[in-house]
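Chain by chain, the residues run as shown.
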Amino acid sequence: MLKKKVLIIDDCEVVRTLCSHILTKMGLKITLASNGLEGLEKLKLEYPDLVILDIIMPEMNGYQVCRQIKSQPQTMNIPVVFCSGKSAEVDVYWAMKQGADGYLSKPVNKDELMALMARFNFIKNVSAEYSNQCFYKQGRVRILPT
């Protein structure tokens, strides 16, 4: 079975490294980008199964990246999950308006990433009960309605 591919686009090296480490241990293939423009270039080369995307970045912000991903026929079905320190309801609402499929609040931890990957069927070893519990605990991990 082919490994699922996740593209992490974040200007913070610590966040990229932490998320990459956790997701690699889950058996996923990870590609990293440090800004929106680099992320879009890597997206065209890799066509990941999921994009984890920061909002505030140099070159191009996450909202702009998400709109580009969701506006192209070849990438519009790739789930995009924002991962940001911005966690007000208005931030989540604005992410949804850009086409996001989910929203994680920073700092992210292993349990939240596991719940996210289980919710998108990337890993199977997390019970649905645990996944649902983690998703709605404190409103930190959200799947946005389509």
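Residues numbered from 1 in each chain as written. Predicted model: local features only at pLDDT ≥ 70, side-chain atom pairs only at ≥ 80, totals over all residues. Heavy atoms only, no water.

1. Describing the packing of helix 3 (residues 62-71) against helix 4 (residues 89-98)
Our working rule: Here an angle of 0 to 180 degrees is reported between the N-to-C directions of two axes, which are lines fitted to C-alpha atoms, with helices fitted over the stretch in contact. Counting from the N terminus, the helices are DSSP H or I runs at least four residues long and the strands are E runs at least two residues long. Our angle categories are set so that under 35 degrees counts as roughly parallel, over 145 as roughly antiparallel, 65 to 115 as roughly perpendicular, and the remainder as oblique. Residues are treated as being in contact if the distance between any of their heavy atoms lies within 4.5 Å. Residues are grouped as follows: nonpolar covers Ala, Val, Leu, Ile, Met, Phe, Trp, Tyr, Cys and Pro; charged covers Asp, Glu, Lys and Arg; every other residue, Gly included, is treated as polar.
Running from N to C, helix 3 and helix 4 cross one another at 30°; their axes reach a closest spacing of 9 Å. Compared by their axis directions, helix 3 and helix 4 come out roughly parallel. Residues Tyr63, Cys66, Arg67 and Lys70 of helix 3 form the contact with helix 4, whose participating residues are Asp91, Trp94, Ala95 and Gln98. Here the contact of helix 3 with helix 4 is built from residues that sort into four nonpolar, one polar and three charged.

2. Some thoughts on the packing of aromatic side chains
What counts is decided by this rule: Here is the rule: rings of Phe, Tyr and Trp (six-membered ring for Trp) pair when centre to centre is within 6.5 Å. Planes less than 30 degrees apart are stacked, more than 60 are edge-to-face, and the remainder are tilted. Only protein chains enter the accessibility calculation, which uses a 1.4 Å probe. A residue is then buried if its area is under 20% of the maximum for its type, exposed if over 50%, and partly exposed in between.
In the structure shown here, the tally under the stated rule is three aromatic pairs. Aromatic side chains Phe82 and Tyr103 sit 6.4 Å apart centroid to centroid with 40° between the ring planes, which places their arrangement in the tilted category. You can see Phe82 sitting in strand 4 (residues 80-84) and its partner Tyr103 sitting in strand 5 (residues 102-105), a full 21 residues away along the chain. For the pair formed by Phe82 and Tyr103, the shared burial category is buried.

3. Quick look at unusual backbone geometry
That bond from Lys106 to Pro107 is cis: its omega, 0°, falls within 30 degrees of zero. Its place among the elements puts Pro107 in the loop between strand 5 and helix 5 (110-119). A positive phi angle, near 45°, is found at Tyr47, a position not held by glycine. Mapped onto the elements of the fold, Tyr47 is located in the loop between helix 2 (36-46) and strand 3 (50-53). You will see that Glu59, though not glycine, has its phi angle at about 75°, which is positive. Mapped onto the elements of the fold, Glu59 is located in the loop between strand 3 and helix 3.

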